[in-house]
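# Geometric and topological summary
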Amino acid sequence: EPEVTQTPSHQVTQMGQEVILRCVPISNHLYFYWYRQILGQKVEFLVSFYNNEISEKSEIFDDQFSVERPDGSNFTLKIRSTKLEDSAMYFCASSPGARMGQPQHFGDGTRLSIL
Amino acid sequence: EDKVVQSPLSLVVHEGDTVTLNCSYEVTNFRSLLWYKQEKKAPTFLFMLTSSGIEKKSGRLSSILDKKELFSILNITATQTGDSAVYLCAVDNYGQNFVFGPGTRLSVLP
């Protein structure tokens with residue numbers, strides 16, 4: 001069964017550095033998402049992306065964050081000048097079709113640790 | 001503000017027990033409610049519910065939605081240790097994202 005893949009599985013970075021988290025969504029999916037989950041807390045929405053542009057973003061997704069689909073397969077989340085509180089598990093998800101209201105399929109996540 | 005609440009937050013049972021997990025929601029615009037199972041990593045999709053009173057079933061798991069009372073339950077019968085996980089409830093509010101609840105951590109003891 002096709003799946004969403006994320007790399008790396010774990011990223012350790014010094015505070016203030018930039019990180020890029022990578023995702024390969026399921027190939028025929030059209031909607032892409034980033035969520036984060038701070039340890040012990042609930043899954044929080046960051047951003048959704050459709051047709052090469054951001055569809056919606058949460059308050060968490062400030063100027064420090066950006067997303068990009070640099071080619072036909074990858075979907076990246078960039079965090080500039082990381083802070084300690086950015087430490088979390090970051091999940092990428094995708095959903096199929098041109099119609100919303102369908103399940104999102106999640107990748108295994110990237111655990112980001114900021115030192 | 002859209003909100004999803006789950007209860008209990010944590011539950012410990014023995015193999016063979018039946019459990020009921022609860023999810024209630026307050027959202028401006030409701031499209032569907034989804035249940036996910038999260039073990040060590042990715043949330044794995046279980047059910048999507050859009051209509052009241054229609055039970056969705058998959059093996060020992062079943063779920064139903066009540067759109068009048070704004071809640072859903074997830075039942076697991078004859079629990080096994082492999083059912084141990086965090087069960088997440090999420091609501092699609094016609095936005096471009098899902099609103100997640102805090103999850104119920106289920107531990108099934110042998």
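As a reminder, the structure under discussion sits directly above these lines.
Counting restarts for each chain: residues are numbered from 1 in the order of the written sequence. Lettering of chains starts at A and numbering of ligands starts at 1, both following the order in which they are written. Under the rules for a predicted model, residues below a pLDDT of 70 receive no local features and side-chain atom pairs below 80 are neither given nor counted, while totals for whole chains, interfaces and linings still include all residues. The side-chain figures draw on all heavy atoms in the structure; neither hydrogens nor water molecules are used.

## Concerning the overall build of chain B
A run of DSSP states H or I qualifies as a helix once it reaches four residues; a run of E qualifies as a strand once it reaches two. Both are numbered from the N-terminal end. Scanning chain B from terminus to terminus reveals zero helices and 11 strands. Put simply, chain B runs from its N terminus to its C terminus through helices and strands in the order β-β-β-β-β-β-β-β-β-β-β. Only the C-alpha atoms count toward the radius of gyration. The rule for a globule is 2.2 Å times the residue count to the power 0.38. The globule rule puts the C-alpha radius of gyration for 110 residues at 13 Å, and the 13 Å found for chain B is close to it. Across its three principal directions, the C-alpha atoms of chain B cover 40 × 25 × 20 Å. Per-residue accessibility, obtained with a 1.4 Å probe over protein chains only, is compared with the maximum for each type, and a residue is labelled buried under 20%, exposed over 50%, and partly exposed between these values. Out of the 110 residues belonging to chain B, those deemed buried represent 47%. Here a residue-residue contact requires only that any non-hydrogen atoms of the pair lie within 4.5 Å. Look at the contacts in chain B between residues 6 or more apart in sequence, and 54% of them connect residues 24 or more apart. Per-residue accessibility takes into account occlusion by the displayed protein chains alone, with areas from the Shrake-Rupley method and a 1.4 Å probe. With an accessible surface of roughly 5300 Å², chain B has 50% of that area assigned to carbon and sulfur atoms. A positive count includes Lys and Arg, and a negative count includes Asp and Glu. His and the chain ends are not counted in either. By convention, the point assigned to a charge is CZ for Arg, NZ for Lys, CD for Glu and CG for Asp. Positive and negative charge centroids in chain B, built from 11 and 11 side chains respectively, lie 5 Å apart.

## Description of the sheet that holds strand β1 (residues 5-7) of chain A
Residues and elements named next belong to chain A. Being paired, for any two strands, means DSSP has found at least two bridges between them. Judged by pairing direction, the sheet is antiparallel, and its four strands sit side by side in the order β1-β3-β8-β7 without closing on themselves. Each edge of the sheet is formed by a strand with only one pairing partner; in this case those strands are β1 and β7 (65-68). Adjacent strand axes in the sheet meet at a mean angle of 20° when their direction is disregarded. As judged from the three bridges shared by β1 and strand β3 (residues 19-24), these two strands associate in the antiparallel manner. Each residue of the ladder has a partner; that of Thr5, found in β3, is Val24. What counts as an axis is a line fitted to C-alpha atoms, over the stretch in contact for a helix, and the angles between N-to-C directions run from 0 to 180 degrees.

## Observations concerning the interface of chain B and chain A
Counting residues at the interface gives 18 residues for chain B and 19 residues for chain A. In total, about 1700 Å² of surface goes out of reach between chain B and chain A, with carbon and sulfur atoms giving 60% of it. Salt bridges are defined by distance alone: a side-chain nitrogen of Lys or Arg within 4 Å of a carboxyl oxygen of Asp or Glu. Counting across the chain B and chain A interface gives zero salt bridges. Mapped by element, the contributors of at least two residues to the side of chain B that touches chain A are β4 (32-38), β5 (43-49), β9 (85-92) and β10 (98-100) of chain B. Partitioned by chemical class, the residues of the side of chain B that touches chain A number 10 nonpolar, five polar and three charged. Throughout, buried area stands for the accessible area (probe radius 1.4 Å) lost by two parts on being put together, summed over both. In this count, Pro and Cys sit with the nonpolar residues alongside Ala, Val, Leu, Ile, Met, Phe, Trp and Tyr, while Asp, Glu, Lys and Arg are called charged and the others, Gly among them, polar.

## Section: the environment of Val86 of chain B
Residue and element names in this part refer to chain B. Considering the arrangement of structural elements, one finds Val86 in strand β9. The sequence separation of Val86 and Pro43 amounts to 43 residues, and the corresponding C-alpha distance is 8.8 Å. Non-local contacts of Val86, meaning those with residues more than four positions away in its chain, are made with Tyr36, Lys37, Gln38, Gly103, Thr104 and Arg105.

No statement about biological role is implied by the geometric values presented.
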